[in-house]
Amino acid sequence: MGLLVFALFLVVSAASADEDGFIGVNIGTALSDMPNPTQVVALLKAQQIHHVRLYDADRAMLLALANTGIRVTVSVPNDQLLGIGQSNATAANWVSRNVLAHVPATNITAIAVGSEVLSTLPNAATILVSAMKYIHSALVASNLDSQIKVSTPHPSSIILDSFPPSQAFFNRSWDPVMVPLLKFLQSTGSFLMLNVYPYYDYMKSNGVIPLDYALFRPLSPNKEAVDPNTLLRYTNVFDAVIDAGYFAMSYVNFTNIPIVVTESGWPSKGDSSEPDATLDNANTYNSNLIRHVLNNTGTPKHPGIAISTYIYELYNEDLRPGPISEKNWGLFDANGVPIYILRLTGSGTVLANDTTNQTFCVAREGADRKMLQAALDWACGPGKVDCSPLLQGQPCYEPDTVSAHASYAFDAYYHRMVMADGTCNFNGVAAVTTTDPSRGSCIFPGSGRRNGTFTNSTSPVPSSNSTASGCRSRYFGSSDAFTSSVVLGILLWSATFL
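Let me sum up the structure you'll find in this document. Each chain carries its own residue numbering, running from 1 in the written order of its sequence. Under the rules for a predicted model, residues below a pLDDT of 70 receive no local features and side-chain atom pairs below 80 are neither given nor counted, while totals for whole chains, interfaces and linings still include all residues. With hydrogens and water set aside, each side-chain value is computed from the structure's full complement of heavy atoms.

Turning our eyes to something else, we now look at the packing of helix α6 (residues 128-141) against helix α7 (residues 175-188). Here an angle of 0 to 180 degrees is reported between the N-to-C directions of two axes, which are lines fitted to C-alpha atoms, with helices fitted over the stretch in contact. Elements are defined by DSSP. Helices are runs of H or I of four residues or more, strands are runs of E of two residues or more, and each kind is numbered from the N terminus. At a closest axis distance of 9 Å, the pairing of α6 and α7 adopts a crossing angle of 20 degrees. Between α6 and α7, the crossing angle belongs to the class labelled roughly parallel. Note that α6 runs across α7; the crossing there is left-handed. Residues Leu-128, Val-129, Met-132, Lys-133 and His-136 of α6 touch α7, and the partners they reach there are Val-177, Pro-180, Leu-181, Phe-184, Leu-185 and Thr-188. Any residue outside Ala, Val, Leu, Ile, Met, Phe, Trp, Tyr, Cys, Pro, Asp, Glu, Lys and Arg is labelled polar, Gly included; the first ten of those are nonpolar and the last four are charged. Taken together, the residues of the contact of α6 with α7 sort by class into eight nonpolar, two polar and one charged. Note on angle classes: values under 35 degrees are labelled roughly parallel, values over 145 roughly antiparallel, values of 65 to 115 roughly perpendicular, and the remainder oblique. Left-handed describes a crossing whose near helix is turned anticlockwise from the far helix by less than a right angle; the clockwise case is right-handed. When checking whether two residues touch, look at their non-hydrogen atoms; a contact exists if any pair is within 4.5 Å.

Moving on, we get to the pairing of strand β1 (residues 23-27). Using a 1.4 Å probe on the protein chains alone, a residue whose accessible area is under 20% of its type maximum counts as buried, one over 50% counts as exposed, and one in between counts as partly exposed. For β1, a buried count of five out of five residues is recorded, marking the element as mostly surrounded by other parts of the structure. A pair of strands is treated as paired once DSSP finds two or more bridges between them. Here three bridges tie β1 to strand β13 (residues 309-311), and the two strands are oriented parallel to one another. The partner of Val-25 across the bridge, within β13, is Ile-311. Pairing between β1 and strand β2 (residues 51-54): three bridges, direction parallel. Bridge assignment links Val-25 to a residue of β2, and that residue is Val-52. Consider the strands pointing away from the viewer: the crossover is right-handed when the path from the first strand over the helix to the second runs clockwise. Handedness of the crossover joining β1 and β2 through helix α1 (residues 37-46): right-handed.

Here β2 shows no split at all, with His-51 and Arg-53 on one side and Val-52 and Leu-54 on the other all buried. Taken together, the three bridges between β2 and strand β3 (residues 71-76) define a ladder with parallel strand orientation. Bridging from a neighbouring strand, Val-52 pairs with Val-72 of β3. Viewed along the sheet, the connection from β2 through helix α2 (residues 59-64) into β3 turns out right-handed.

What follows concerns the state of the cysteines. Cysteine sulfur atoms that come within 2.5 Å of each other are treated as a disulfide pair. Counted according to the given criterion, the structure contains three disulfides. Covalently, Cys-361 is tied to Cys-424 through a disulfide, its sulfur atoms 2.0 Å apart. Classification of the bridge connecting Cys-361 and Cys-424 rests on its S-S torsion, roughly 90 degrees, and on that basis the disulfide is right-handed. Of this pair, Cys-361 sits in strand β14 (residues 360-363) while Cys-424 sits in the loop between α13 (402-416) and β15 (430-433); the two residues are 63 residues apart in sequence, bridging distant segments of the chain. Of the two residues, Cys-361 and Cys-424, neither departs from the other in class, the shared state being buried. Each disulfide pairs two cysteine sulfurs, and for Cys-396 the partner residue is Cys-442, the sulfurs being separated by 1.9 Å. Its torsion about the S-S bond being 105 degrees, the disulfide of Cys-396 and Cys-442 is classed as right-handed. Remark: Cys-442 occurs in the loop between β15 and α14 (479-497) and Cys-396 occurs in the loop between α12 (369-380) and α13; sequence separation between them is 46 residues.

Two rings from Phe, Tyr or Trp (for Trp, the six-membered ring) form a pair when their centres sit within 6.5 Å of each other. Planes less than 30 degrees apart are called stacked, planes more than 60 degrees apart edge-to-face, and all others tilted. Taken as a whole and judged by the stated rule, the model has 20 aromatic pairs. Here Trp-266 and Tyr-285 contribute two aromatic rings whose centre-to-centre distance is 5.6 Å and whose plane-to-plane angle is 35 degrees, an arrangement assigned as tilted. Taken as a pair, Trp-266 in the loop between β12 (259-264) and α11 (279-294) and Tyr-285 in helix α11 lie far apart in primary sequence, 19 residues in all. Trp-266 gets classed as buried once you look at its relative accessible area, which sits at 0%. Taking the centre distance of 6.2 Å and the plane angle of 70 degrees together, the rings of Trp-378 and Phe-426 count as edge-to-face. Here Trp-378, found in helix α12, pairs with Phe-426, found in the loop between α13 and β15; they are 48 residues apart in sequence, far enough to count as distant. Of the two residues, Trp-378 and Phe-426, neither departs from the other in class, the shared state being buried. Members of the aromatic cluster, connected to one another through ring pairs, are Tyr-197, Tyr-199, Tyr-200, Tyr-202, Phe-216, Phe-238, Trp-266, Tyr-285, Tyr-312 and Trp-329. Against the face of Phe-247 rests Lys-301, its NZ or CZ located 4.2 Å from the ring centre. A ring has a charge above it when a Lys NZ or an Arg CZ is no more than 6 Å from the ring centre and no more than 35 degrees off the ring normal.

Remember that the coordinates give geometry; whether it matters functionally is a separate question.
Laid out in structure tokens, this is it:
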């Protein structure tokens, strides 16, 4: 599972400014050793997580959240939806038991009525809007409607023809539900709840969607996806799906309803059919997602308008049915130990939890040997990495393989550049890991231990004309080889994706 170091997952949203985005977490309970509510809240407070979404309205959990200031979204489970949607009195009783009994001590700010009802419980679709209206009426009667918003989470699959985003529209068969639902959201000042999973978009694309595009990794301009109708440029799947939601709403004449992402994340483990469900990819996605949201980047259609997002999820849920990946979306295990250390440096109001610098850059498993060699030559030459520990007789010579030597050089460059975004890519043959690759007397630059050959530097990325420092040896070849590989990759990507 990699190096587990307990560190802060500090998610601070500026509560004083409604226009600022926040990061929250979903709290699932399908764990064989589910922590008690007091332990859950202790973890939330320790990590300074200020927004949570519950999949029900568990009394013990709501009592534990009292007087913490944590903003809570409670949910009407799908199995209670039919009763509430058919009876105003039933809805009022639900609000009385699950909301009025807890406010104001517990800071309930939203109610999610059902979850993905249109796709998972289609026979209840006809009463979904009624259930929302009845819940809202009960809040109005208690003067809580301005404090507590009512909505319902949808899967992004209700949006058809989602790329280019400007062509997106809701599944027309759901118009009898979606149009009155959007009217309700607009009239009550609420928001569209959308579950956005670039992981599944990537998996279902059969290679059309590049992994970097799904993971928010930096892209060069000619790798970005361009909407031919608007000329808006998209650098990640998340933004494209959000804008598809905005365009779908505008297609039915709703242009002023904000979107809140109620679920998004990436699994940290999968079976052989899900090779990209890895610790590194989960770390990359969630770290970049947090930074993207809290920097109030917005989307190409609505720049600067933040998309508040709840990460799926707080804990790994070992009791969830389905493939291995279904059990491995959590940030923490049941004991509160982080599954991986989020890399949050430079994300504005977020305090990075990688203060121990325990992330490393290594050669990606299965990477093409020629591409690795070209990247290694570049790192030890124009990249100005001191590769002398890789010489015969030196600590990192063994094993004498391109992959092992490239891993050392990649890590040296990555830490020389202070782990900046895009400095562990090398045209796709490198990956970030939380496992220390040091072995024996070969101590990698990112390790707390030292070979004595690495000094931290904030120098800019060297150009291909830079004079090499350190060891030129067999690893210093022409930078043209690496440049040609980059160009080839861009051309292939453009041909299949843009």
